[in-house]
Structure formats: structure tokens, C-alpha cells
Amino acid sequence: MAEPDTEVAEVPLYLRVAAVLRDDLAHRRISPGTRLPSERSLSQRYHVNRQTVRSALQLLRDERLVVTDRRGTFAAAAGTEPEPAAPALTARRPNFPGGPRVSEALVRASLTWEPPPTPLTSRLLLAPGEPTLVHRHVVLGPQGTALQRAVSWFSRPAVTEIPQLARYRRGKDGHHQPDLRLLYHWMHQAGLRITHRESVGVPSGPAAPYDASGGAARLVVHRVVSDQHGHALEITDIDFSARSAAWTYEFSA
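Everything in this summary refers to the structure shown in the same document. Predicted model only: the values in this text are computed from it and were never measured. (Residues numbered from 1 in each chain as written. Predicted model: local features only at pLDDT ≥ 70, side-chain atom pairs only at ≥ 80, totals over all residues. Heavy atoms only, no water.)

## Focus: unusual backbone geometry
Our working definition: For the purposes of this entry, the term helix denotes a DSSP run of H or I that reaches at least four residues, the term strand denotes a run of E that reaches at least two, and both are numbered from the N terminus.
For Arg64, which is not a glycine, the phi torsion comes out positive at approximately 60°. Look at Leu125: it is not a glycine, yet its phi comes out positive at around 60°. Locating Leu125 in the fold gives a position in the loop between helix H6 (118-121) and strand E4 (132-140).

Next up, the structure:
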């Protein structure tokens, strides 16, 4: 791929690869039923590693634009069903933390290792004052304005049982732009059957439902993701402009 400009470079590589392939599929440069190049060929073509290619193909599988079987990965044809032998890979799930509508947006994200707010401590199975992994995520508009802000706290079981989160333990990689969009896939791969419970409301306080920039209404989402034992894995608060960020959330366990 061509050398990106500064803004595009902030978008994770696998999202850029997925966007190129999605465009090829949409314009029939890759015809329905045609086999895609191998992961190795795609990694060489786009100058990325194979894991980046795998993540891009996973997103396209989630969107049912491609299907994978023992022969390889193919552009989906009309009526193509997901591979029955691998429902975990083809089930449609949202992207963490803000749903599919922000899957290609310009974002700023960070990871820290800090104690959660006191009311969340016991729900995250932590001792008082015990730190945990905290993810902060801002979705930016074309003019650089913040359209959506999210903060997520992870429980002790989440950091322990999900290998992709464990590698961020103690914030060793916090200085990088963290990419957790496949979090719910990682949970499934770790053998966790997850339940999402969300409440939607308006911020409290005088004039709080409206932002300062253009008077657009604001909404807040409080999400708790739990495992099959009822233990919280993730608690997220999202604040966004209702005018600029429609909230569409689709999930299959």
C-alpha cells in the first residue's frame, strides 16, 4: 500500500487492508465465488504481517463478504452461508468498544493500569485499590472534534483468561496505539460465553444532554459484559453525540 498520510496512519493496519479488500469486493474486482489470494500473498502485497491479514479477513467474514473453508477464502456468492464447522468465526459480532459504525473511524486510544472507581471494584472482582487494565477510546470527526468517548474497565478474570489482554498487563504496551476491536472474538476464543447488558440514557446535570460544540443531543451507554458464570468481564461507559453517531448494536453469542 502507498505510504499513508498522518491521519490515515492512525487507523489500524488491518482496518486499512479490510477496506481495500472490501472495495475490491464491492466493485467486483474480486468476483463472487472467486478465491482470494493466500494470506502470505496478501501480506506481501500490502507489506503487513500475516496476523494483520488474518484480522482483516476476520472482519470481512463477520460482514459475510467472504467465506472460508478447507480450500481457502472466497468472495461470498449470493446465498452463501457461513461455514457450518466454524460458527465461532462466522457469527456476526460488534466491534469493541463502539459497534460497527466506528470500525473504520479515526480514533485515539490508550491503555493504562490503574484502580477503577470504588463502586466498580467488587463488580470487577478486585480488591480495594487493586489496579486493572483501563481502555480509553475517542472517535474523531473530520474536523478533529470528538464524536464519541468511551472508557472501559476490565475485571481480574478478563485479564487472566484472555491472552490478548494479558499481554497488556501492567501497561507494558500502553505507549502504543492499542487495538482491541476484536475483543469479543478474543473472549469467544477463550471459551467465554458472554452476555451484554446495556442501558441508554442522557447525561445528568443542567443542559448536560447537549454538547458545547453544536447543541447536538448527547446520549450515554452503560455496558456490562459478563461470562457464563455471571462474572463481569468488562464495564464500559460511552458518551456520544446522538446527531453524529447513530447507535446500532448487533450481537450473536
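## Things to note about the pattern of salt bridges
For the record, the criterion: Salt bridges, as used here, are contacts in which a Lys or Arg side-chain nitrogen is within 4 Å of a carboxyl oxygen on Asp or Glu. Three exposure classes are used, based on accessible area relative to the maximum for each residue type with a 1.4 Å probe and protein chains only: buried under 20%, partly exposed in between, and exposed over 50%.
Across all of its chains, the model carries ten salt bridges by this definition. We note a salt bridge from Glu114 to Arg136, for which the minimum N-O separation is 3.2 Å. Of the two residues, Glu114 sits in strand E3 (residues 106-114) while Arg136 sits in strand E4, which places them 22 residues apart along the sequence. Here Glu234 ties to Arg223 by a salt bridge, and the two come within 3.8 Å at their closest N and O atoms. With Glu234 in strand E8 (residues 232-241) and Arg223 in strand E7 (residues 218-226), this residue pair connects regions lying eleven residues apart in the sequence. Judged by relative accessible area, which is 0%, Glu234 ranks as buried. Connected via shared salt-bridge partners are Asp23, Asp24 and Arg29.

## Observations concerning the packing of helix H2 (residues 13-26) against helix H4 (residues 50-62)
Applied cut-off: The axes used here are C-alpha line fits, helices contributing only the stretch in contact, and every angle between their N-to-C directions lies in the interval 0 to 180 degrees. Working definition: roughly parallel below 35 degrees, roughly antiparallel above 145 degrees, roughly perpendicular at 65 to 115 degrees, and oblique for all remaining angles. For any pair of crossing helices, the crossing counts as left-handed if the nearer helix is rotated counterclockwise from the farther one by less than a right angle, and right-handed if it is rotated clockwise. Contact between two residues is taken to exist if any of their heavy atoms lie within 4.5 Å; hydrogens are not considered. Amino acid classes used here: Ala, Val, Leu, Ile, Met, Phe, Trp, Tyr, Cys and Pro are nonpolar; Asp, Glu, Lys and Arg are charged; the rest, including Gly, are polar.
Viewed as axis vectors pointing N to C, H2 and H4 meet at an angle of 50°, and their least axial separation amounts to 8 Å. As far as their axial angle goes, H4 and H2 are oblique. When you trace H2 past H4, the crossing you get is right-handed. Side by side, H2 and H4 meet where Leu13, Tyr14, Leu15, Val17, Ala18, Leu21, Arg22 and Leu25 of the first sit next to Thr52, Ser55, Ala56, Leu57, Leu59 and Leu60 of the second. In the contact of H2 with H4, the residues fall into eleven nonpolar, two polar and one charged.

What is shown is where atoms sit, not what they do.
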